[in-house]
Amino acid sequence: MHLKSYCLLLGVSSSAALAQQHPLSPNGRKAGAAGDTALSFWKDHLSWWHDWTPSPSSPKGAGLVPVSMLWGGGNNGPLDAQRLQQFEQLTATPDYVMGFNEPDCSGADVSADIDVSRGVDLWNSLIAPMGDKGAVLGSPAMCRQKDESWLKQFSQQPLNRSWDFTAIHIFKPDMAGVQADIDYYWNTYQKPLWVTEFACVFDQNNFTPCSDQGQIDQWISDVVDLFEANEHVLAYAYTDGLGLGTAWPPVKSDGSLSESGQAYLNAISKYY
């Protein structure tokens, strides 16, 4: 979909959007990474990355667009508290700012676990003002994927400024599940989508990561093709987060690229 069409959906003029000078696909490319472990291998084919912090910084990510995040409300673990403090101390406005990481689930320093009213207060006081200064804003990203209710409630509250793109997590074992998540978020919120974390996971079976390497390699190839072909997905990021088994991490213990990491490199190299 063209910028003008998205602007109409967002309720802003195309000239106002262009004035932000930050495209909804960073540097005009969709491919990105969540975490920096494999950036040195992938960087020539990526455009952006994030590491769940207010100020992503890594020598491996030189030349890529870093995307800032306000992870949570500061009360769900020491990292959560640290990240809130760091966000409050930002002196420059990031080009891109994402909202909370899985506020609808618990687990210290795993999911943000904040209620909707607290989320609204944080959004209006810390995130919306950055949008007023030109930052492109991403919604909070849900833990429960298309079964969420938190973002629905959040979207109905008096937000000083809405988000520009909906940030989503996709953990599914097949393309039908991936497509269902995409369709849900597009149909519900009618805003461009960033898949800020994705991985091959049997999410309906106690969140069991895929373990068959052949399945994972094919899944990565298929999901990148799906994201690239889908007009509503404007960015996506392979996650190197925890809890995804032994086959998914993109880098081995010796620092070399894993087979899964190579599969992602092969998939994005077809496009960039």
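As the structure is a computational prediction, the values presented were derived from the model and not from experiment.

Student: Let's hear about the sheet that holds strand S6 (residues 136-138): which residues, and what values?
Tutor: Pairing within the open sheet is parallel, and its 3 strands lie in the order S4-S5-S6. In this open sheet, the two strands that pair with only one neighbour each are strand S4 (68-69) and S6. Alignment of strand S5 (residues 96-98) against S6, held across 3 bridges, turns out to be parallel. Residue pairing across strands places Val97 opposite Leu137, the latter belonging to S6. Packing of helix H5 (residues 116-132) onto the sheet brings it into contact with S5 and S6, and relative to S6 it is tilted by some 140°.

Student: Run through the side chain of Arg83, naming residues and quoting values.
Tutor: Along the chain, Arg83 falls in helix H4 (residues 78-88). Notably, Arg83 is buried but unbridged: the nearest opposite-charge side chain belongs to Asp109, and the N-O separation is 5.7 Å. When near neighbours in sequence (up to four residues on either side) are disregarded, Arg83 contacts Asp51, Trp52, Thr53, Pro54 and Trp71.

Student: Run through the state of the cysteines, naming residues and quoting values.
Tutor: Where two cysteines share a covalent bond between their sulfur atoms, that bond is called a disulfide. Evaluated as defined, the whole model comprises 2 disulfides. Residue pairing for Cys105: its cysteine sulfur links by disulfide to Cys143, the two sulfurs lying 2.2 Å apart. Measuring handedness by torsion sign, the sulfur bridge of Cys105 and Cys143 sits at about -75° and is left-handed. Note that Cys105 is positioned in the loop between S5 and H5 and Cys143 in the loop between S6 and helix H6 (150-155), a separation of 38 residues in sequence. Cys105 gets classed as buried once you look at its relative accessible area, which sits at 14%. With a relative accessible area of 24%, Cys143 lands in the partly exposed category. Covalent S-S linkage joins Cys200 and Cys210, the inter-sulfur distance amounting to 2.1 Å. Around the S-S axis, the bridge from Cys200 to Cys210 shows a dihedral of about -70° and counts as left-handed.

Student: I'd like a description of the environment of Leu159, backed by residues and values.
Tutor: Along the chain, the position of Leu159 falls in the loop between H6 and strand S7 (166-172). Along the chain, Leu159 and Leu234 lie 75 residues apart, while their C-alpha atoms are 24 Å from each other. Once residues lying within four places of it in the same chain are set aside, the contact partners of Leu159 are Val120, Trp123, Asn124 and Phe154.

Student: Quick rundown of the pattern of salt bridges? Include the residues and the values.
Tutor: Considering all chains together, one arrives at 6 salt bridges under this definition. A salt bridge links Asp132 to Arg161, with the shortest nitrogen-to-oxygen separation between them at 3.0 Å. Here the residue Asp132 occupies a position in helix H5, and Arg161 occupies one in the loop between H6 and S7, the gap between them amounting to 29 residues. Among the ionic pairs, Lys172 bridges to Asp181, the shortest N-O distance being 3.0 Å. With a relative accessible area of 7%, Lys172 lands in the buried category.

The rules behind the values
Residues numbered from 1 in each chain as written. Predicted model: local features only at pLDDT ≥ 70, side-chain atom pairs only at ≥ 80, totals over all residues. Heavy atoms only, no water. Pairing = 2+ DSSP bridges. Helix = DSSP H or I, 4+ residues; strand = E, 2+ residues; numbered from the N terminus. Contact = heavy atoms within 4.5 Å. Axes fitted to C-alpha atoms, helices over the stretch in contact; angles between N-to-C directions. Buried < 20%, exposed > 50% of the residue type's maximum accessible area, 1.4 Å probe, protein only. Lys, Arg positive; Asp, Glu negative; His and termini not counted. Salt bridge = Lys/Arg side-chain N within 4 Å of Asp/Glu carboxyl O. Disulfide = S-S within 2.5 Å.

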